[in-house]
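So you can see what is in the structure, the chains are spelled out below.
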Amino acid sequence: MGFMTSPASDSLKEIIVRLDQRILAVDEERWLSSRYASPAHREVLIVLYAFYYELARVRVAVSDATLGQIRFQWWRDALSDMALGHIRQHDVVLALAKPIEQEVLKQDDLLRLVDRHEAAFMADDRSLEPEGDLAQIAVRVLGGADKTRIEEIAQVWSALRRGDPAPGSVARFRVTSTARPAVAHFRLRHAWSSGPSIGAFMRRVIVFVAMLTGRI
């Protein structure tokens, strides 16, 4: 089914490095924000984003609804197996085991991401993808409080990143220093809404300014 697996000899550290490189390649904006987290928090964010990417890529890996449902069910089963002490040999599953055991990531939160991604896949509607849920989970990983406006911003940001019309607009507001490594990349939406895509250097500058000021 194309799942990423790890040789038995690979250490968790090697797996995390590999996932970090993958998120840099496929989700650079969130990766940039995660650089400002502490090493321990950064590792959990990368694992969370790698899990989210596995769910998001189902829509490009398969077009048949039944095959898509099989993939989503695989992730449900992998999370259920983990609760019973059976860890599947897959990079993301192996990396999830520790933060779930430590309750830094909650199984119910991850299952909700699976369910909502499956609903978006079945409806063929990317606006239903759980970008807001992902942002809320990332903020909680860092010890921040839930913020409804973060979920609203996540939907605008993700639409603009896809090149779709934004579902409304949300003015800048300040977030706490604790939450910033989870959401600093949302400041990019202002650049995306006013013109063509921006270069790598400016993306880094914008994320840095968000980290410095807290205004996203």
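Residues numbered from 1 in each chain as written. Predicted model: local features only at pLDDT ≥ 70, side-chain atom pairs only at ≥ 80, totals over all residues. Heavy atoms only, no water.

Chemist: Looking at this structure, I do not really get the overall build of the protein. What am I missing?
Modeler: A count of helical and extended segments in the protein gives 12 helices and 0 strands. Moving toward the C terminus, one meets the helices and strands of the protein in the order α-α-α-α-α-α-α-α-α-α-α-α. Compactness check: the protein gives a C-alpha radius of gyration of 17 Å against a globular reference of 17 Å for 216 residues, within 12% of the reference. The principal-axis extent of the C-alpha atoms belonging to the protein is close to 45 × 40 × 30 Å. Across the 216 residues in the protein, those meeting the buried criterion constitute 50%. By sequence separation, contacts in the protein at least 24 residues apart represent 65% of the contacts at least 6 residues apart. When the accessible surface of the protein is summed, it comes to about 10,200 Å², and 53% of that surface belongs to carbon and sulfur atoms. Seen as two clouds, the 29 positive and the 27 negative side-chain charges of the protein have centres 9 Å apart. (Helix = DSSP H or I, 4+ residues; strand = E, 2+ residues; numbered from the N terminus. Rg over C-alpha atoms; globule rule 2.2 N^0.38 Å. Buried < 20%, exposed > 50% of the residue type's maximum accessible area, 1.4 Å probe, protein only. Contact = heavy atoms within 4.5 Å. Areas by Shrake-Rupley, 256 points an atom, 1.4 Å probe, with all protein chains shown as cover. Lys, Arg positive; Asp, Glu negative; His and termini not counted. Charge placed at Lys NZ, Arg CZ, Asp CG, Glu CD.)

Chemist: Which parts of the structure should I look at to understand the packing of helix α5 (residues 65–83) against helix α7 (residues 107–123)?
Modeler: Packed helices, taken two at a time, are described by the angle between their axes plus the distance between the axes. With their axes 10 Å apart at the nearest point, α5 and α7 run at an angle of 175° to one another. Put simply, α5 runs roughly antiparallel to α7. For the pair formed by α5 and α7, the contact residues are Ala65, Gly68, Gln69, Phe72, Trp75, Arg76, Leu79, Ser80 and Ala83 on the first element and Gln107, Leu110, Leu111, Val114, Asp115, His117, Glu118, Phe121 and Met122 on the second. Of the residues contributing to the contact of α5 with α7, the split by class is 10 nonpolar, 5 polar and 3 charged. (Axes fitted to C-alpha atoms, helices over the stretch in contact; angles between N-to-C directions. Parallel < 35°, antiparallel > 145°, perpendicular 65-115°, else oblique. Nonpolar A, V, L, I, M, F, W, Y, C, P; charged D, E, K, R; others polar.)

Chemist: What is the right way to look at the pattern of salt bridges in this model?
Modeler: Close approach of charged atoms allows side chains with opposite charge to pair. One pass over the full model with this rule turns up 21 salt bridges. The salt bridge involving Asp133 is made with Arg112; its shortest N-O contact spans 3.5 Å. Of this pair, Asp133 sits in helix α8 (residues 131–141) while Arg112 sits in helix α7, placing them 21 residues apart in sequence. With a relative accessible area of 8%, Asp133 lands in the buried category. (Salt bridge = Lys/Arg side-chain N within 4 Å of Asp/Glu carboxyl O.)

Chemist: Even after reading the chapter, I still don't get a nonpolar patch on the surface, so can you show me in this structure?
Modeler: There is a patch of nonpolar side chains on the surface, built from Tyr36, Phe208 and Leu212 and spanning about 320 Å² of accessible area. Mapping Leu212 onto the fold places it in helix α12 (residues 200–213). (Patch = residues over 30% accessible without salt bridge, like charges linked within 9 Å, V, L, I, M, F, W, Y side chains within 5 Å.)

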